[in-house]
Amino acid sequence: AQKITQTQPGMFVQEKEAVTLDCTYDTSDQSYGLFWYKQPSSGEMIFLIYQGSYDEQNATEGRYSLNFQKARKSANLVISASQLGDSAMYFCAMREGRGSNYKLTFGKGTLLTVNP
Amino acid sequence: DSGVTQTPKHLITATGQRVTLRCSPRSGDLSVYWYQQSLDQGLQFLIQYYNGEERAKGNILERFSAQQFPDLHSELNLSSLELGDSALYFCASSAGLAVNNEQFFGPGTRLTVL
């Protein structure tokens with residue numbers, strides 16, 4: 001079973017509107033972290049936002065916020081006031097806390113296109 | 001700029017050859033991770049080092065090896081290269097091993113095997 005599922009291969013949004021990118025995860029660990037990364041066409045991976053499994057508040061970083069619903073095992077990224085520069089691939093990733101499993105497991109990504 | 005550097009940025013080589021990819025982590029980060037991004041497999045974890053020691057292994061082929069040196073830079077060695085090894089190879093670093101430690105990615109090395 002996939003550990004990270006991003007069901008939207010592509011999304012379109014109008015400039016200045018908000019958009020939600022979906023992410024569901026699968027883990028039996030109590031301690032884990034959820035991350036979102038942005039990959040523009042230039043290829044680099046840019047860290048956006050982090051949510052810990054024990055965090056009671058949803059994480060926010062500027063225009064990015066994470067809608068964390070633990071019971072549903074979802075960690076959706078919300079981008080407010082979209083800008084043309086937000087057009088990129090977005091990856092959800094999870095880091096589980098058990099044992100020596102320190103890797104990030106990534107979803108397949110969502111390609112976001114912001115239209116003017 | 002994440003503070004993680006990778007060289008070279010691009011690498012073109014032939015099947016059967018051997019290459020070395022180099023990574024310097026952010027200042028102060030002890031942990032280095034290697035990931036491979038390909039169109040068919042997506043982003044996959046290869047291997048992790050912490051302060052010079054191997055800590056975790058992912059889907060790394062036997063033809064691939066890595067090490068982390070005393071100055072904390074890391075090298076990923078790929079040998080007997082095949083066409084399917086063509087991919088973007090990322091190095092990432094983090095300060096420690098806590099679950100909430102962010103991993104900062106380098107710009108990647110794009111490997112093309114002809």
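Reading guide: rules and limits
Residues numbered from 1 in each chain as written. Chains lettered and ligands numbered in written order. Predicted model: local features only at pLDDT ≥ 70, side-chain atom pairs only at ≥ 80, totals over all residues. Heavy atoms only, no water. Helix = DSSP H or I, 4+ residues; strand = E, 2+ residues; numbered from the N terminus. Rg over C-alpha atoms; globule rule 2.2 N^0.38 Å. Buried < 20%, exposed > 50% of the residue type's maximum accessible area, 1.4 Å probe, protein only. Contact = heavy atoms within 4.5 Å. Lys, Arg positive; Asp, Glu negative; His and termini not counted. Charge placed at Lys NZ, Arg CZ, Asp CG, Glu CD. Core = buried A, V, L, I, M, F, W, Y, C linked by side-chain atoms within 4.5 Å. Phe/Tyr/Trp six-rings, centres within 6.5 Å; stacked < 30°, edge-to-face > 60°. Pairing = 2+ DSSP bridges. Axes fitted to C-alpha atoms, helices over the stretch in contact; angles between N-to-C directions. Buried area = accessible area lost by both parts, 1.4 Å probe. Salt bridge = Lys/Arg side-chain N within 4 Å of Asp/Glu carboxyl O. Polar contact = N/O pair within 3.5 Å; in protein donor to acceptor, adjacent residues only side chain to side chain. Nonpolar A, V, L, I, M, F, W, Y, C, P; charged D, E, K, R; others polar. Disulfide = S-S within 2.5 Å.

**Student:** Would you take a moment to explain the overall build of chain B for this structure?
**Tutor:** Check the secondary structure of chain B and you find 0 helices and 11 strands. What you see for chain B is a C-alpha radius of gyration of 13 Å, in line with the 13 Å of a compact globule of 114 residues. Counting only C-alpha atoms and orienting by the principal axes, one finds that chain B spans roughly 40 × 30 × 25 Å. Out of the 114 residues in chain B, the part that is buried amounts to 51%. Pairs at least 24 apart in sequence give 55% of the contacts found in chain B among residues at least 6 apart. Counting 8 positive and 11 negative side-chain charges, chain B places the centres of these two groups 3 Å from one another.

**Student:** Please clarify how the nonpolar core should be interpreted in this entry.
**Tutor:** Proteins that are soluble and globular tend to have nonpolar side chains buried together. Counting residues in hydrophobic clusters, the biggest one holds 24 residues, and the most contacted among them are Y25, W36, I49, L77, Y90 and L112 of chain A. At 4 residues, the largest contribution of residues to this core is made by strand β10 (residues 88–96) of chain A. Not counting the four nearest positions on each side in its chain, I49 of chain A is found in contact with L34, F35, W36, A59, T60, E61, Y64, S65, L66 and L77 of chain A. Within the second largest apolar cluster, 21 residues are counted, among which are L21, C23, L46 and C91 of chain B.

**Student:** Got a minute to help me understand the packing of aromatic side chains in this structure?
**Tutor:** Each aromatic ring pair is summarised here by two numbers: the centre-to-centre distance and the angle between the ring planes. Per the counting criterion, the structure on display carries 17 aromatic pairs over all chains. Considering the side-chain rings of F47 of chain A and F104 of chain B, the 6.1 Å spacing of their centres and the 65 degrees angle between planes classify their relative orientation as edge-to-face. On the criterion of chain membership, the pair formed by F47 of chain A in strand β6 (residues 46–52) and F104 of chain B in strand β10 (residues 104–105) is interchain, its members lying in two chains. The exposure classification of F47 of chain A matches that of F104 of chain B, with both residues buried.

**Student:** I tried to follow the sheet that holds strand β8 (residues 74–78) of chain B on my own but got confused; where do I start?
**Tutor:** Backbone-to-backbone hydrogen bonds join strands into a sheet, with any given pair of strands oriented parallel or antiparallel. All names here are of chain B. Read across the open sheet, the 4 strands follow the order β1-β3-β8-β7; overall the sheet is antiparallel. At either end of the open sheet lies a strand with only one pairing partner, and these are β1 (5–7) and β7 (64–68). Put simply, the sheet's adjacent strands are angled 15 degrees from each other on average, direction ignored. As judged from the 3 bridges shared by β1 and strand β3 (residues 19–24), these two strands associate in the antiparallel manner. Looking at β3, one finds that Q6 is bridged to C23.

**Student:** How should the interface of chain A and chain B be read in this particular structure?
**Tutor:** The accessible area lost on association of the parts is a frequent measure of interface size. Contacts between the two partners involve 20 residues from chain A, matched on the other side by 21 residues from chain B. For the pair chain A and chain B, the summed buried area comes to about 1,700 Å², and 60% of that belongs to carbon and sulfur atoms. Interface area lost by chain A to chain B is led by M45, R95 and Y102 of chain A, which between them contribute 34%. At the junction of chain A with chain B, the criterion picks out 0 salt bridges. One can count 5 residue pairs in polar contact (both at pLDDT 80 or more) joining chain A with chain B. Those elements giving two or more residues to the side of chain A that touches chain B turn out to be β5 (32–39), β6 and β10 of chain A. Sort the elements by how many residues they give to the side of chain A that touches chain B and β5 of chain A lands first, with 5 residues. Grouping the constituent residues of the side of chain A that touches chain B by class yields 10 nonpolar, 6 polar and 4 charged.

**Student:** Explanation requested: the state of the cysteines in the structure shown.
**Tutor:** What is meant by a disulfide is a covalent connection between two cysteines, made through their sulfur atoms. All names here are of chain A. Across all of its chains, the model carries 2 disulfides over all chains by this definition. A sulfur-sulfur separation of 2.0 Å characterises the disulfide bridge that pairs C23 with C92. Across the S-S bond of C23 and C92 the torsion is about -60 degrees, and the bridge reads as left-handed. With a gap of 69 residues between them, C23 in the loop between β3 (19–21) and β4 (24–25) and C92 in strand β10 connect regions that are remote in the sequence. C92 sits in the buried class, given a relative accessible area of 0%.

**Student:** Just checking my understanding: could you explain unusual backbone geometry for this structure?
**Tutor:** Most peptide bonds are trans, and most residues other than glycine sit at a negative phi. Residue P8 of chain B follows T7 of chain B across a cis peptide bond; omega there is -10 degrees. Along the polypeptide, P8 of chain B turns up in the loop between β1 and β2 (10–13). The backbone of K73 of chain A shows a phi angle near 55 degrees, a positive value even though the residue is not glycine. For K73 of chain A, the location among the structural elements is in the loop between β8 (64–69) and β9 (74–79).

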